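Residue-level listing of the chains:
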Amino acid sequence: MIDDKKEFNGKIVLNLVLEGALVGVLAGLVVILYRILIDNSLKFITNYYNNANIKMILPLLLIFLFLSYLARYFIKWAPLSGGSGIPQVMGEIQGRFNMNPIKVMISKFVGGTAGALGGLSLGKEGPSVQIGGACGKLIARLTKREDLTKSLISAGAGAGLAGAFCAPLSGVLITMEEFTKTFSPYVFIPTISACLVTTIITKVIFGLELTFSFTIVEQLPLQVYFHIIALGIFVSIVGVVFNRGLIFAKDKLNKLNISPLILTYMAFLLAIIIGLTYPEVLGGGHKLVELVNSTSGSIKLLTTVLLLKLFFTAICFGTGIQGGTLVPTLSMGALAGAIYFYATKKLGLSSLNDEFLTNFIVLGMAGMLASVMRSSLTSIMIVLEMTGSYVHFAGFALVVIISYLFAYLLNSKPLYEALLDNMIVDMRKVEKEDIV
């Protein structure tokens, strides 16, 4: 990455803006294509289960075996393409990894689509970040700007998140807060340029609608802000359990004397069982968040779905297949927020009207992200941009601070840092050309 002490002038700024925009165009187009593939694949398998009978399930046994083989083959072909992709981007920027951008993008497309066709509980946003980072690295190579490689990888990673969530500020913040931990102009300028260009392209393709079709209408009265503090503690505990569950599942599954292909196939088979019983648990969880907002208030059902989502996501992610955890994290935060809302009402601790349910769902999403990622500003902004609830910043800030604090007190390491550390320990298992 270029030294900040280097002379900085208007020509350099213009070049950074243009190079960032070029990254934004490529990342936007590629991430949009990836998003369309994942969304349509998940829609197909969900509709399939809704109309399924025993004769329709039997062919899935063979199809899912093929999808498992396809995903594992491309992970072996591009070792740094497995899992979320966010730890790989962090390692790349730190100089620990050296991903092949073309291989990574192809593997993410194939493996991510395979996982979505199987209904695995994995998101497209983490992979979109790595795909965007790969686009940035590719642009640095094509323009022969090796001196800007890390800056353009960062810009592409931010653009990947911006394209996946339609959230430009979140893309900028995650780059600064999670990946580079700096506001160097050599990172900030191309990143904001890339994120804005990608967001414009995304809105042209998908329209101006928010990611979620609901927003906070009524602000919580100040006299019930203690509920935000209590909710922050609750979702923080859920987030810590989720983090440790993911790490535990990944560690234990890797130690089993079972081939990765069989482990992946077992996750697909589990998806069949869940698809026939609780289909809302399938996929990343976008539709689940929408469903929670229109729930009838059954605490038992919400808790069952939350535990299933946590367990199923841990198993799917533990196999190492291409797929992320950001949207599953948001969906579990939404479930936790709804559980808290209805539980306090049932116990007589709250007299809030049901119109405030959305407040707790959205606050739960922000608190859950803060507990899992430990990136406070990014956690706030992602949910704000996805729901359009900008006037409620104070409530978001409070729940994020509380959730962040309790996750720290519970000695829960930020998920992506923990995953990166584990990847570095297991470097010997990765092909040499992908490691610095």
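Cut-offs applied
Residues numbered from 1 in each chain as written. Predicted model: local features only at pLDDT ≥ 70, side-chain atom pairs only at ≥ 80, totals over all residues. Heavy atoms only, no water. Helix = DSSP H or I, 4+ residues; strand = E, 2+ residues; numbered from the N terminus. Rg over C-alpha atoms; globule rule 2.2 N^0.38 Å. Buried < 20%, exposed > 50% of the residue type's maximum accessible area, 1.4 Å probe, protein only. Contact = heavy atoms within 4.5 Å. Areas by Shrake-Rupley, 256 points an atom, 1.4 Å probe, with all protein chains shown as cover. Lys, Arg positive; Asp, Glu negative; His and termini not counted. Charge placed at Lys NZ, Arg CZ, Asp CG, Glu CD. Axes fitted to C-alpha atoms, helices over the stretch in contact; angles between N-to-C directions. Parallel < 35°, antiparallel > 145°, perpendicular 65-115°, else oblique. Left-handed = near helix turned anticlockwise from the far one by under 90°. Disulfide = S-S within 2.5 Å. Phe/Tyr/Trp six-rings, centres within 6.5 Å; stacked < 30°, edge-to-face > 60°. Salt bridge = Lys/Arg side-chain N within 4 Å of Asp/Glu carboxyl O. Expected span 1.5 Å × (residues − 1). Patch = residues over 30% accessible without salt bridge, like charges linked within 9 Å, V, L, I, M, F, W, Y side chains within 5 Å. Polar contact = N/O pair within 3.5 Å; in protein donor to acceptor, adjacent residues only side chain to side chain.

A. Inspection of the overall build of the chain at higher detail. Summing up its helical and strand segments, the chain has 17 helices and 0 strands in all. Relative to its length of 436 residues, the chain is compact, with a C-alpha radius of gyration of 21 Å against a globular reference of 22 Å. Once the C-alpha set of the chain is aligned to its principal axes, its extents read approximately 65 × 55 × 40 Å. Here the chain holds 436 residues, and the buried ones make up 58% of them. The long-range share in the chain, meaning contacts at least 24 apart out of those at least 6 apart in sequence, stands at 84%. Total accessible area computed for the chain in this model is approximately 17,700 Å², and 67% of it derives from carbon and sulfur atoms. Put simply, the chain has 33 plus and 25 minus side-chain charges, and the middle of one group is 8 Å from the middle of the other.

B. View of the packing of helix H10 (residues 260-277) against helix H12 (residues 299-318). Across the interface, H10 lies against H12 with an axial gap of 10 Å and an inter-helix angle of 155 degrees. Relative to H12, the element H10 lies roughly antiparallel. Viewed along their axes, H10 and H12 form a crossing whose handedness is left-handed. Of the residues in H12, those touching H10 at Ala267, Leu270, Ala271 and Ile274 are Phe311, Phe312 and Ile315.

C. The state of the cysteines, seen in detail. Summed over the entire model, instances satisfying the criterion amount to 0 disulfides. A disulfide-free cysteine, Cys195 has its sulfur positioned 12 Å from the sulfur of Cys166, the nearest such atom. Accessibility expressed as a relative area gives 1% for Cys195, which makes it buried.

D. A look at the packing of aromatic side chains. Going through the model one piece at a time under the given rule, you end up with 10 aromatic pairs. Geometrically, the ring pair formed by Tyr73 and Phe74 is edge-to-face, given 5.3 Å between the ring centres and 85 degrees between the ring planes. Exposure remark for Tyr73: the relative accessible area of 43% places this residue in the partly exposed category. The interplanar angle of 90 degrees and the centroid separation of 5.5 Å between the aromatic rings of Phe74 and Trp77 together place this pair among those described as edge-to-face. Taken together, the residues span about one helical turn, with Phe74 and Trp77 both in helix H2 (residues 54-77) at a distance of 3 residues.

E. A look at the pattern of salt bridges. Across all of its chains, the model carries 9 salt bridges by this definition. A salt bridge links Arg145 to Asp147, with the nearest nitrogen and oxygen atoms 3.0 Å apart. Look at Arg145 and you get partly exposed, because its relative accessible area is 22%. Relative accessible area serves as the criterion here: at 36%, Asp147 is assigned to the partly exposed category. With a closest N to O distance of 3.4 Å, Lys255 and Asp251 form a salt bridge.

F. The arrangement of the packing of helix H9 (residues 226-255) against helix H17 (residues 415-425) in detail. Interaxial distance between H9 and H17 falls to 10 Å at its minimum, and their mutual angle equals 20 degrees. When the axes of H9 and H17 are compared, the pair comes out roughly parallel. Note that H9 runs across H17; the crossing there is right-handed. For the pair formed by H9 and H17, the contact residues are Asn243, Leu246, Ile247 and Lys250 on the first element and Leu415, Ala418, Leu419 and Asn422 on the second.

G. Quick look at H10. Compared with an ideal rise of 1.5 Å per residue, which puts 18 residues at 26 Å, H10 spans 26 Å between its outermost C-alpha atoms and is within 8% of the ideal. What H10 keeps buried is the set Leu263, Thr264, Tyr265, Ala267, Phe268, Ala271, Ile272, Ile274 and Gly275. Those residues of H10 that are buried are in contact with helix H1 (10-50), H2, helix H4 (101-117), H9 and H12.

H. Representation of a nonpolar patch on the surface in the model. Residues Ile36, Ile200, Val204, Ile205 and Phe206 make up a contiguous nonpolar surface patch of about 460 Å² in total accessible area. Among the elements that make up the nonpolar patch, the one with the highest residue count is helix H8 (residues 185-206) (4 residues). Inspection of the secondary structure assignment puts Val204 in helix H8.

I. Up close: H4. Taking 1.5 Å of rise per residue, 17 residues should cover 24 Å, and H4 covers 24 Å from first to last C-alpha, within 8% of that figure. The buried fraction of H4 is high, at 12 of 17 residues. Restricting attention to buried positions, one finds in H4 the residues Pro101, Val104, Met105, Ser107, Lys108, Phe109, Gly111, Gly112, Thr113, Ala114, Gly115 and Ala116. Structurally, H4 contributes buried residues whose contacts are with H1, H2, helix H5 (125-142) and H10. For H4, the N-terminal capping position is held by Asn100, with its side-chain oxygen 3.2 Å away from the main-chain nitrogen of Ile102. A positive backbone phi angle near 80 degrees is found at Gly119, which sits one or two residues after H4.

J. Focus on unusual backbone geometry. In this structure, Cys166 takes a positive phi of about 55 degrees despite not being glycine. With respect to the helices and strands, Cys166 occurs in the loop between helix H6 (149-165) and helix H7 (168-180). Classification of Cys166 as buried rests on a relative accessible area of 12%. Backbone geometry at Lys181 places phi at a positive 55 degrees, although glycine is not the residue there. Structurally, Lys181 can be placed in the loop between H7 and H8. Lys181 sits in the exposed class, given a relative accessible area of 54%.

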